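Spelled out from the first residue to the last, the chains are:
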Amino acid sequence: MENPFGRVSQLNLKTEERDGKTILEDVYFTAPFKVMNPFVKKDGSIQIMMMSASAGIMEGDRQEFDFHIGEGSKMEFLSQSFDKIHKMKEGEARRYTKAVVEKNGHFLFHPQPTIPFKASAYENTMDIYLADSSSVFTMQEILSCGRAARGERFQYRKYDSLVNIYKNDKLIYRDNTRYRPDEMNLEAIGMYEGYTHMANLVLCNQKKGRDWMDRVRKYLDSREEEAGGVTALDEDVVVIRIIGHQAQKLQNILKRGQLPMSWI
């Protein structure tokens, strides 16, 4: 299916550190993307918000994001609105994201939740390259079951998401998600279990110890409207997964675990 924008839609951001402050060294984007002027935080890091002139992700869309976080620089990337994956007749949409985080760089990838509409099909691939153990990366994502209020629970055709994280060119984390509502019961145990939203938080090179993870588990166990857990992997990777009924509540929960805040 032909890309309605006539070419691949791109967003490229490159940062560097100067005198303790992060600046955008290079910015490039094509339709429908735009970025707001950086918001500078007190610690010298920057927050970048992406805007889109499109109503959402359409059939045939091809998108590419490229982030290069320079040595010692710190950036948070977020989107202005929910990613709405619209109904598609036969084709699908694809997005590829590449991020390089140099030594002592910090990158928080924090897009808004994703809503796959009825009959939509979407493929998302991410490759994250961390220079070494000083390269800090945080990724937050929330995927809904669809437009539940309109009776569209798990009525999309497919949702694929492949995330690869490398450190020193060694693969340290892979999440290969392949949802096919026509072929699997996404309401079942081990899937959404009757909930409507699933949140995923990945923390790399943040030295979260056992005491911190115990506090996370205790906090999640105290939640009456959500369920979740935390897993520690090799190479200093921690993954938190939570299921719930409202995107806003899951966003608020995940914010407790983001840098520079610690979970209480």
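None of these values were measured; they are calculated from a predicted model.

Cut-offs used in this document
Residues numbered from 1 in each chain as written. Predicted model: local features only at pLDDT ≥ 70, side-chain atom pairs only at ≥ 80, totals over all residues. Heavy atoms only, no water. Pairing = 2+ DSSP bridges. Helix = DSSP H or I, 4+ residues; strand = E, 2+ residues; numbered from the N terminus. Axes fitted to C-alpha atoms, helices over the stretch in contact; angles between N-to-C directions. Buried < 20%, exposed > 50% of the residue type's maximum accessible area, 1.4 Å probe, protein only. Arc of directions from axis to C-beta. Contact = heavy atoms within 4.5 Å. Phe/Tyr/Trp six-rings, centres within 6.5 Å; stacked < 30°, edge-to-face > 60°. Core = buried A, V, L, I, M, F, W, Y, C linked by side-chain atoms within 4.5 Å. 1 Å grid on protein atoms, 1.4 Å probe; cavity = no way out; pocket = protein on both sides within 12 Å on 5 of 7 lines; lining within 4 Å. Points joined across faces, edges and corners; volume = space filled by probe spheres on them. Nonpolar A, V, L, I, M, F, W, Y, C, P; charged D, E, K, R; others polar.

Caption draft 1: Representation of the sheet that holds strand β2 (residues 21-29) within the structure. As summarised here, the arrangement of the 7 strands in space is β2-β1-β6-β9-β12-β14-β15, forming an open sheet in which the pairing is mixed. Looking at which strands have only one partner, the edges of the open sheet turn out to be β2 and β15 (170-179). Put simply, the sheet's adjacent strands are angled 10 degrees from each other on average, direction ignored. In this sheet, strand β9 (residues 93-101) lies alongside strand β6 (residues 62-69) in parallel orientation, the contact comprising 8 bridges. Bridging across to β9, H68 finds its partner in V100.

Caption draft 2: Structural view of helix α2 (residues 247-255). Looking at α2, one finds that the buried residues are A247, L250, Q251, I253 and L254. All buried residues of α2 fall inside an arc of 160 degrees around its axis, so they share one side. Buried residues in α2 make contact with β13 (136-144), β16 (197-204), α1 (210-222) and β18 (237-244).

Caption draft 3: Inspection of the packing of aromatic side chains at higher detail. Taken as a whole and judged by the stated rule, the model has 13 aromatic pairs. Aromatic pair F67 and F107: ring centres 5.1 Å apart, planes at 45 degrees, arrangement tilted. Within this pair, whereas F67 is found in strand β6, its partner F107 is found in strand β10 (residues 106-110), the two being separated by 40 residues in sequence. On the accessibility criterion, F107 (2% relative accessible area) is buried. Between the aromatic rings of Y129 and Y166, the centroid separation amounts to 5.0 Å while the plane-to-plane angle is 10 degrees, which identifies the pairing as stacked. Here Y129 is found in strand β12 (residues 121-130), whereas its partner Y166 is found in strand β14 (residues 158-167), with 37 residues between them in sequence. The class of Y166 is buried, set by a relative accessible area of 18%.

Caption draft 4: Region of the structure containing the nonpolar core. Counting residues in each nonpolar core, the largest one holds 29 residues, and the members touching the most others are F67, M75, F77, F107, F137 and I165. Apart from residues lying up to four places away in sequence, F107 is in contact with F67, I69, M75, F77, A99, V101, V136, F137 and T138.

Caption draft 5: The arrangement of empty space enclosed by the protein in detail. Counting across every chain of the model gives 2 cavities of 30 Å³ or more. Of the pockets and cavities examined, the largest cavity occupies roughly 330 Å³. If you trace the largest cavity, you find 27 residues lining it, with E141, I142, L143, Y159 and S161 closest to the centre. Only β8 (83-85), β9, β12, β13, β14, β15 and β16 provide two or more residues apiece to the lining of the largest cavity. With 4 residues, the single largest contributor to the lining of the largest cavity is β13. Here the lining of the largest cavity is built from residues that sort into 14 nonpolar, 8 polar and 5 charged. Looking at the second largest cavity, its volume works out to about 40 Å³. Lining of the second largest cavity is provided by M50, F65, F77, S79, D83, R95, F109 and P111. A breakdown of the residues in the lining of the second largest cavity according to their chemical character gives 5 nonpolar, 1 polar and 2 charged.

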